[in-house]
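Now for the letters of each chain:
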Amino acid sequence: MRKFNVAVVGATGAVGEELFRVLKDYNFPINNLVPLASARSAGSKVEYDGKEITVLELTETCFEENEVDIAFFSAGGSVSEKFAKFAVEAGAVVIDNTSHFRMEPNVPLVVPEVNPEDIANWKETGIIANPNCSTIQMVLALKPLDDLYGIKRVDVSTYQAVSGAGKTGMEELVKQMQAFFAFQLDDAEKNAFAHQIALNVIPQIDVAQPNGFTKEEMKMVKETQKILHKDVQVAATCVRVPVLRSHSESITVTFEDDVDVDVAEIKDALEKFENVEVIDDLENNAYPMPIISTDTDITYCGRIRKDVYAHNVVHFFNVADQVRVGAATNSVRIALKWIELGE
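Let me sum up the structure you'll find in this document. Computed from a predicted structure; not experimentally measured.

Structural notes on the nonpolar core
Thought 1: Core analysis: the largest hydrophobic core is formed by 60 residues, its most contacted members being Phe63, Phe73, Phe255, Ile266 and Leu270.
Thought 2: At 7 residues, helix H4 (residues 133–148) tops the list of elements feeding residues into this core.
Thought 3: When sequence neighbours within four positions are dropped, the list of residues in contact with Phe63 reads Ala7, Val9, Leu36, Leu58, Val68, Ala71, Phe73, Phe83, Phe86, Ala87 and Ala90.
Thought 4: In this structure, Val8, Val15, Val46 and Ile334 belong to the second largest nonpolar core, which totals 30 residues.

Looking at the packing of H4 against helix H6 (residues 215–228)
Thought 1: Contact pair H4 / H6: the axes reach a minimum separation of 10 Å and the direction vectors enclose 40°. Put simply, H4 runs oblique to H6. H6 is crossed by H4, and the crossing has right-handed handedness. In contact with Ser134, Thr135, Met138, Val139, Leu142 and Lys143 of H4, H6 contributes Glu216, Lys219, Met220, Glu223, Thr224, Ile227 and Leu228.
Thought 2: Residue classes in the contact of H4 with H6 are distributed as 6 nonpolar, 3 polar and 4 charged.

Observations concerning the sheet that holds strand S14 (residues 313–320)
Thought 1: The 6 strands are arranged S10-S9-S11-S14-S13-S12 in an open sheet whose pairing can be described as mixed. Two strands lie at the open edges of the sheet, namely strand S10 (233–240) and strand S12 (276–278), each paired on one side alone. Going across the sheet, the axis of each strand differs from the next one's by a mean of 20°, ignoring polarity.
Thought 2: For S12 and strand S13 (residues 299–306), the ladder comprises 3 bridges, and the chain directions are parallel. For Val276, the partnering residue across the bridge sits in S13 and is Thr299.
Thought 3: Most of the contacts of H4 go to strand S11 (residues 247–255), to which it runs at about 35°, and overall it touches strand S9 (151–160), S10, S11, S12, S13 and S14.
Thought 4: Sitting on the sheet, H6 touches S9, S10 and S11, and the angle it makes with S10 is about 145°.

Observations concerning the packing of aromatic side chains
Thought 1: Within this structure, the stated rule accounts for 8 aromatic pairs.
Thought 2: Measuring from ring centre to ring centre gives 5.8 Å for Phe63 and Phe73, while their planes differ by 20°; the resulting arrangement is stacked. With Phe63 in helix H2 (residues 62–65) and Phe73 in strand S6 (residues 70–73), this pair connects stretches of sequence that are 10 residues apart.
Thought 3: Given a relative accessible area of 0%, Phe73 falls into the buried group.
Thought 4: A centroid spacing of 6.0 Å and a plane angle of 55° characterise the contact between Tyr159 and Phe317, whose relative ring orientation is tilted. Here Phe317 lies in strand S14 and Tyr159 lies in strand S9, a separation of 158 residues in the sequence.
Thought 5: Taking the relative accessible area as the measure of exposure, Tyr159 reaches 34% and is therefore partly exposed.
Thought 6: Through pairs of rings, three or more aromatic residues link up here, namely Phe4, Trp122 and Trp338.

Rules of the game
- Residues numbered from 1 in each chain as written.
- Predicted model: local features only at pLDDT ≥ 70, side-chain atom pairs only at ≥ 80, totals over all residues.
- Heavy atoms only, no water.
- Core = buried A, V, L, I, M, F, W, Y, C linked by side-chain atoms within 4.5 Å.
- Buried < 20%, exposed > 50% of the residue type's maximum accessible area, 1.4 Å probe, protein only.
- Helix = DSSP H or I, 4+ residues; strand = E, 2+ residues; numbered from the N terminus.
- Contact = heavy atoms within 4.5 Å.
- Axes fitted to C-alpha atoms, helices over the stretch in contact; angles between N-to-C directions.
- Parallel < 35°, antiparallel > 145°, perpendicular 65-115°, else oblique.
- Left-handed = near helix turned anticlockwise from the far one by under 90°.
- Nonpolar A, V, L, I, M, F, W, Y, C, P; charged D, E, K, R; others polar.
- Pairing = 2+ DSSP bridges.
- Phe/Tyr/Trp six-rings, centres within 6.5 Å; stacked < 30°, edge-to-face > 60°.

Here you go:
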């Protein structure tokens, strides 16, 4: 198998660090690994396969100088906006983990288990976009259900871990919990979030939009429609919760009017879908939870039940590690599918 020169932009961030672990776990065919970061982080070390590799400065010429074939971008939208074009010009395919390119009509937005055929469109811009973490785990469950019955509407409430805000989000929760046990919580700093996150939930992620939803919520709407190639109605309420890692979602799906939901059929469709598992035994306290999904590459579904009033509605709970499934792992899966398709 051909091996590739692989760059990771944002090598010292939470997703960058996870990318190195996932690349190793998936035995990615790497010839040369090129960790890239800002001038401030250049010279530091990252670990890959038991070895320490020096982080290089991200520059306009670094992709050409290192003959990069595949460039993973996880350093924020402004970095992708400025530097992705230089990777493309150097002949690399860019797999971008930020929101910057997602809704560009000529940039494929891909979850490989759901819409792998869209990868073929990468040549137009040289870029493949990685969806929002909450969108990824949701569409992984929606796709088999849409194939089964045809989805008309989705209503989702998310319970998003603080790691969705990066290392600073995790550090803030830990520090606030430490302050709580020291009876000093009132004096704890609030930087990553607008409000105290310890022992609290915050029903806002990202900035407000004119329609009363947040930017995060509208990402889930627009991205789901683009990935499924369908104008399905989506309404999201995104909430930050004091969990370190793994997002949870409570999802209600409304199918076409003539559907009479069969829970057994739904469980079977989910269980058979790639990288989705069902944990659903309420009587024995078995259902998806963040502590189950963390550090895995599986999207877990449970609490699957037919609506009490409507024959075409089902409710379920969905959990996945958003640093892996929702970011690093999906990016690596895109790259592996890109290689498999001989793009």
